[in-house]
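# Commentary on secondary and tertiary structure
Spelled out, the chains give:
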Amino acid sequence: MVTEQPDGLVARMTLGDPDAFEEFFAKYERPVYITALAITRDPFLAEEIMQDCFVKAYRARHRLRTDRSPLPWLHRVTTNLCYSRIARRRMILEPITTLISNRVADLTSGPDQVVESLEIIEVLQRAIDTLPPKQQTAVILYYLHGYSLAQSAEIARCNVGTMKSRVHYALKALRSRLPDERRAPAGAKVSRREL
Amino acid sequence: MSCSQARRQLLEQFALGEEFTYRSGPHLAHLESCADCRREMGIDRELVENLRRALRGRVEGYAPSGASWGQIRSRTVDQPVWPWAVRVLHWRGMVSAAAAAGMMIFAVATAPQSRLLPMSQSPFVASAARRVVPPVEEARVWPTALSSKYLAPQTYPPLPGWPMRIYVSDEATPRDGEPPIPGRMQ
């Protein structure tokens, strides 16, 4: 949970406990790294960003709130660092239309196989890269980390309605970028029970 | 109930993880009776499943290296802490250097005939020059009798160390056969 109490780690760090920062790192290292890796898709860059994030946290330890978890703050710093690094590197993302035409040439297989194929996953991953940063962050927080809309909104510092809208538009964009043949799983039935 | 209403509502409830309530009943009933909506919902359901798989695929099998903590530690905990006196001196030195640099930039930028900024002109010099030689537009509206007898007023002395670059002339009219001097009285 994002809002769970941080076991006084920040307070101990502020008081100068030498072990507190190591515990802090061990506790929050994984979610920060996952966020950075999900955005950048580069393990080395993600590790660099994670290190920068914890250095920032250490330097800002006197300003961090002790009554709530620092995880939203860490996620925010991580996403900001990711997008600033990506902009600095001027990563040129391949247009999704080219990718689709290159990677999904064989559309003759059955719909079930198509959906299960790795190709469609790869296409979706590329499509995620082309999402606007806010929508991308929303999708990563909501679908990868499994945060609720309220928690995701707390991390992104926006309203729940705004977060809902971002997820909704991200799904819409992802769906629109799939080729027509991939959008139509014939015979796919959704019953009340499945829902 | 229209298909678009049902799809929008069910997509929100399904894709955004909202719980089904009594209000979902009509939408679900529509879903059971409408093949197109069932198909659309199937697409969305698969999209969300694939999206989760795609996101998991990005991070599965990766973990931060063990050297990360050592590098972070060297940049934070193990970094030497400077005594307060050194920090104050460093801070004051930075402020003094910034002030000196600012003054130098101001002096260079506003110096007359600056080579760094050839088109620039100090506001002091500009106002003094305006008093000595009024622009042509102003001079044109003056009566001829006055303009022919125009005498430049006494200017203020220049700032200490600044060269005198203001030329005062009592020749308000050009000589015969010579073109008019731009910016001067005619």
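Values in this document were obtained by computation on a predicted structure and should not be read as measured data. (Residues numbered from 1 in each chain as written. Chains lettered and ligands numbered in written order. Predicted model: local features only at pLDDT ≥ 70, side-chain atom pairs only at ≥ 80, totals over all residues.)

## Focus: the environment of A36(A)
All names here are of chain A. Looking at the element boundaries, A36 is found in helix α2 (residues 18-40). For A36, a count of 29 C-beta atoms within 10 Å puts it in the buried group. The spacing of A36 and C53 is 17 residues in sequence and 10.0 Å in space, taken between C-alpha atoms. Ignoring any residue separated from it by four or fewer positions in sequence, one finds A36 in contact with A46, I49, M50, T78 and C82. (Helix = DSSP H or I, 4+ residues; strand = E, 2+ residues; numbered from the N terminus. Buried ≥ 20, exposed ≤ 12 C-beta atoms within 10 Å, placed from the backbone. Contact = placed C-beta atoms within 7 Å.)

## Some words on the interface of chain A and chain B
Across the boundary between the two partners, chain A contributes 40 residues, which contact 34 residues of chain B. Of the residues forming the side of chain A that touches chain B, the biggest block, nine residues, is contributed by α2(A). Residue classes in the side of chain A that touches chain B are distributed as 29 nonpolar, two polar and nine charged. (Nonpolar A, V, L, I, M, F, W, Y, C, P; charged D, E, K, R; others polar.)

## Some thoughts on the packing of helix α8 (residues 133-144) of chain A against helix α9 (residues 149-156) of chain A
Residues and elements named next belong to chain A. Two elements in contact, α8 and α9, have axes separated by 9 Å at closest approach and are oriented at 135°. It follows that α8 is oblique to α9 by the angle criterion. Crossing angle aside, the handedness with which α8 passes α9 is right-handed. In contact with T137, A138, L141 and Y142 of α8, α9 contributes L149, S152, I155 and A156. Partitioning the contact of α8 with α9 into residue classes produces six nonpolar, two polar and no charged. (Axes fitted to C-alpha atoms, helices over the stretch in contact; angles between N-to-C directions. Parallel < 35°, antiparallel > 145°, perpendicular 65-115°, else oblique. Left-handed = near helix turned anticlockwise from the far one by under 90°.)

## Examining α9(A)
Residue and element names in this part refer to chain A. For α9, a buried count of seven out of eight residues is recorded, marking the element as mostly surrounded by other parts of the structure. Within the span of α9, buried status applies to L149, Q151, S152, A153, E154, I155 and A156. Phi turns positive one or two residues past the end of α9, at R157, with a value near 55°.

## Things to note about the nonpolar core
Ranked by size, the top nonpolar core spans 56 residues in total, and within it A36(A), C53(A) and V139(A) carry the most contacts. With 11 residues, the single largest contributor to this core is α2(A). Those residues in contact with V139(A), other than ones at most four positions away along the chain, are I128(A), L131(A), V167(A) and A170(A). Ranked by size, the runner-up nonpolar core spans six residues in total, among them L10(B), L11(B), L31(B) and M41(B). (Core = buried A, V, L, I, M, F, W, Y, C linked by C-beta atoms within 7 Å.)

## Side note on the confidence of the model for chain A
Residue and element names in this part refer to chain A. Across chain A, the average pLDDT comes to 79, with 74% of residues at 70 or higher. A low-confidence stretch, residues 92-108 (pLDDT under 50), is modelled with 20 contacts involving residues beyond four sequence positions or located in other chains. Confidence over residues 185-195 falls short of pLDDT 50; this stretch has 21 contacts with residues more than four positions distant or in other chains. (pLDDT = per-residue confidence, 0-100.)

## With respect to the packing of α9(A) against helix α10 (residues 160-177) of chain A
All names here are of chain A. One can describe the packing of α9 onto α10 by two numbers: an axis separation of 8 Å at closest approach and a directional angle of 100°. The angle between α9 and α10 falls in the class roughly perpendicular. Contacts between α9 and α10 involve L149, A150, S152, A153 and A156 from the first element and V160, T162, M163 and K164 from the second. Its residues assigned to classes, the contact of α9 with α10 shows six nonpolar, two polar and one charged.

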